[in-house]
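Structural overview for review
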Amino acid sequence: MKKALVVGSEGNIGKPLVTYLTKLGWEVIEADIKPGWQSSYYVADINHPIDLLPAFDSKPDVVFLLSAMVSRVTCEQASSLAISTNLSGINNVIQLCKRTSSKLVFFSTSEVYGPDCDPMDETNSNPNPNNRYGLSKYLGEKLVEYEVRSHGLQAVTIRPFMMYDENEDFGDFRSAMIRFASDLATQRPIQVHKGSARGWLHVSDATNAIERAAHLDKYSVINIGHPKVESMISLAEMIRNNLDASKSLITEVDLPTRMTGIKNPTLERQSNLLKVHPQVDLEQGVKMVCEKVVARIQNGELTRS
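Residues numbered from 1 in each chain as written. Predicted model: local features only at pLDDT ≥ 70, side-chain atom pairs only at ≥ 80, totals over all residues. Heavy atoms only, no water.

**Examining the overall build of the chain**
- When its secondary structure is counted, the chain shows 10 helices and 12 strands.
- A compact globule built from 305 residues should have a C-alpha radius of gyration of about 19 Å, and the chain, at 19 Å, falls within 12% of that.
- Each principal axis of the C-alpha distribution contributes one length, and for the chain these read about 55 × 45 × 40 Å.
- When the accessible surface of the chain is totalled, it reaches about 13900 Å², and 48% of it is carbon and sulfur.
- Of the charged side chains in the chain, 33 are positive and 36 negative, and the gap between their average positions amounts to 2 Å. (Helix = DSSP H or I, 4+ residues; strand = E, 2+ residues; numbered from the N terminus. Rg over C-alpha atoms; globule rule 2.2 N^0.38 Å. Areas by Shrake-Rupley, 256 points an atom, 1.4 Å probe, with all protein chains shown as cover. Lys, Arg positive; Asp, Glu negative; His and termini not counted. Charge placed at Lys NZ, Arg CZ, Asp CG, Glu CD.)

What follows is the structure, given as structure tokens:
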């Protein structure tokens, strides 16, 4: 049985990843900044690596590093925290991985590409992030690459594009999928960015890809996402139709600064290296999200932060 340490286990990707790894037979250790108590769970901030030492004492075979300072808006406002967490914090985990000879699966972001890469290709593009979040994660990638090249770290870098989960936390700063569904289901208006488009990868396909990355022998940077890129206005209409909401609730607005309008990734490495071909299409996924969101709202789960 292989042993995994998931750093960032309480996040919207971390939770389903822990469940998926456990289902596959991994022994899973969890770490997150969120307070809690359970077996094999450690409360730790990657900016303070001493609290991660007990988690590394068990010598995990693979460390999935999902913890980060995220959000284009938040990282611009809290710039010092963003740089500290997404560089120094990542470096802390890298050094601990080296001490225990653990392989690192580093969760980066599609924001590293910026708006001028089309398609967004791992080998041919020249990333030029247009926000501090993407920049800090790109520099984090470079830290990982340096340690692989110079100090023998075993690692893989994942660049996730839009992921979604019908069980994602509600809130104003969550993904567009869950925000659109929860707002329209409660007759709240939504704003859609003009000209924007994304591919949407269901969490079941995402966790499959992330787990498979742990089995690669050589360092690679790999986009993971869905090959069908859909305009955001089409996504909003799809959700509206599923919920039978009024067209008047949808308004198109200009794209905010420091945001990439269209994300069009190449996914050959996802197919060829990870052997992952997404199984959940967008229409099916939207239906799943809408049905679950309605049920959750009826159960009183909707809270806003």
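Back to the write-up after that little detour.
**Quick word on the packing of helix H6 (residues 176–185) against helix H8 (residues 232–243)**
- At a minimum axis distance of 10 Å, the contact between H6 and H8 shows a crossing angle of 40 degrees. Judged by the inter-axis angle, H6 sits oblique to H8. Classified by chirality, the crossing of H8 by H6 is right-handed. Two secondary-structure elements touch here, H6 through Ala176, Met177, Phe180, Ala181, Leu184 and Ala185 and H8 through Met232, Leu235, Ala236, Ile239, Arg240 and Leu243.
- For the contact of H6 with H8, the class distribution of residues is 11 nonpolar, no polar and one charged. (Axes fitted to C-alpha atoms, helices over the stretch in contact; angles between N-to-C directions. Parallel < 35°, antiparallel > 145°, perpendicular 65-115°, else oblique. Left-handed = near helix turned anticlockwise from the far one by under 90°. Contact = heavy atoms within 4.5 Å. Nonpolar A, V, L, I, M, F, W, Y, C, P; charged D, E, K, R; others polar.)

**Some remarks on the sheet that holds strand S2 (residues 27–32)**
- The seven strands are arranged S3-S2-S1-S4-S5-S6-S10 in an open sheet whose pairing can be described as parallel. Unpaired on one side and paired on the other, strand S3 (41–43) and strand S10 (221–224) mark the two borders of the sheet. Neighbour to neighbour, the strand axes of the sheet diverge by 20 degrees on average, direction disregarded.
- Bridging between strand S5 (residues 103–107) and strand S6 (residues 155–160) involves four bridges; their strand directions are parallel. (Pairing = 2+ DSSP bridges.)

**A closer look at H6**
- The buried fraction of H6 is high, at eight of 10 residues.
- For H6, the complete set of buried residues consists of Ala176, Met177, Ile178, Phe180, Ala181, Ser182, Asp183 and Leu184.
- Contacts made by the buried residues of H6 are with strand S7 (162–164), strand S8 (190–193), strand S9 (197–202), H8 and helix H10 (282–298).
- Glutamine 187, located one to two residues past H6, shows a positive phi value of around 60 degrees. (Buried < 20%, exposed > 50% of the residue type's maximum accessible area, 1.4 Å probe, protein only.)

**Remarks on the packing of aromatic side chains**
- Evaluation of the coordinates by the stated rule reveals three aromatic pairs.
- Cation over ring: arginine 159 sits above tyrosine 113, and NZ or CZ is 4.9 Å from the ring centre.
- Cation over ring: arginine 296 sits above phenylalanine 170, and NZ or CZ is 4.0 Å from the ring centre. (Phe/Tyr/Trp six-rings, centres within 6.5 Å; stacked < 30°, edge-to-face > 60°. Lys NZ or Arg CZ within 6 Å of the ring centre and 35° of its normal.)

**Observations concerning the pairing of S9**
- With respect to burial, S9 is a largely interior element, six of its six residues being buried.
- Taking every second residue as pointing to the same face, both faces of S9 are buried, with Ala197, Gly199 and Leu201 on one and Arg198, Trp200 and His202 on the other.
- As paired elements, S7 and S9 share three bridges and run parallel to each other. Considered in S9, the bridge of tyrosine 164 is made with histidine 202.
- For S9 and strand S11 (residues 229–231), the ladder comprises three bridges, and the chain directions are antiparallel. Each bridged residue has a counterpart across the sheet, and for alanine 197 the counterpart in S11 is serine 231.

**Looking at the environment of alanine 209**
- Positionally, alanine 209 belongs in helix H7 (residues 203–213).
- With 49 residues separating them along the chain, alanine 209 and proline 160 place their C-alpha atoms 9.9 Å apart.
- Not counting the four nearest positions on each side in its chain, alanine 209 is found in contact with Ile224, Leu274 and Val276.

**Focus on the sheet that holds S11**
- Spatially, S7-S9-S11 is the arrangement adopted by the three strands of the open sheet, whose pairing is mixed. In this open sheet, the two edge strands, each paired with only one partner strand, are S7 and S11. Neighbour to neighbour, the strand axes of the sheet diverge by 50 degrees on average, direction disregarded.
- Relative to S11, H8 is tilted by about 80 degrees, and along the sheet it contacts S9 and S11.

**Some points on H8**
- With 12 residues, H8 should cover 16 Å at 1.5 Å per step; its first-to-last C-alpha distance of 17 Å lies within 8% of that length.
- Structurally, H8 contributes buried residues whose contacts are with H6, S8, S9, S11, strand S12 (250–253) and H10.
- Following H8 by one or two positions, aspartate 244 has its phi on the positive side, about 55 degrees. (Expected span 1.5 Å × (residues − 1).)

**Observations regarding the side chain of glutamine 270**
- Note that glutamine 270 resides in helix H9 (residues 268–272).
- If we skip the residues at most four places from it in the chain, glutamine 270 touches Ile222, Asn223, Ile224, Gly225, Lys275, Val276 and Pro278.

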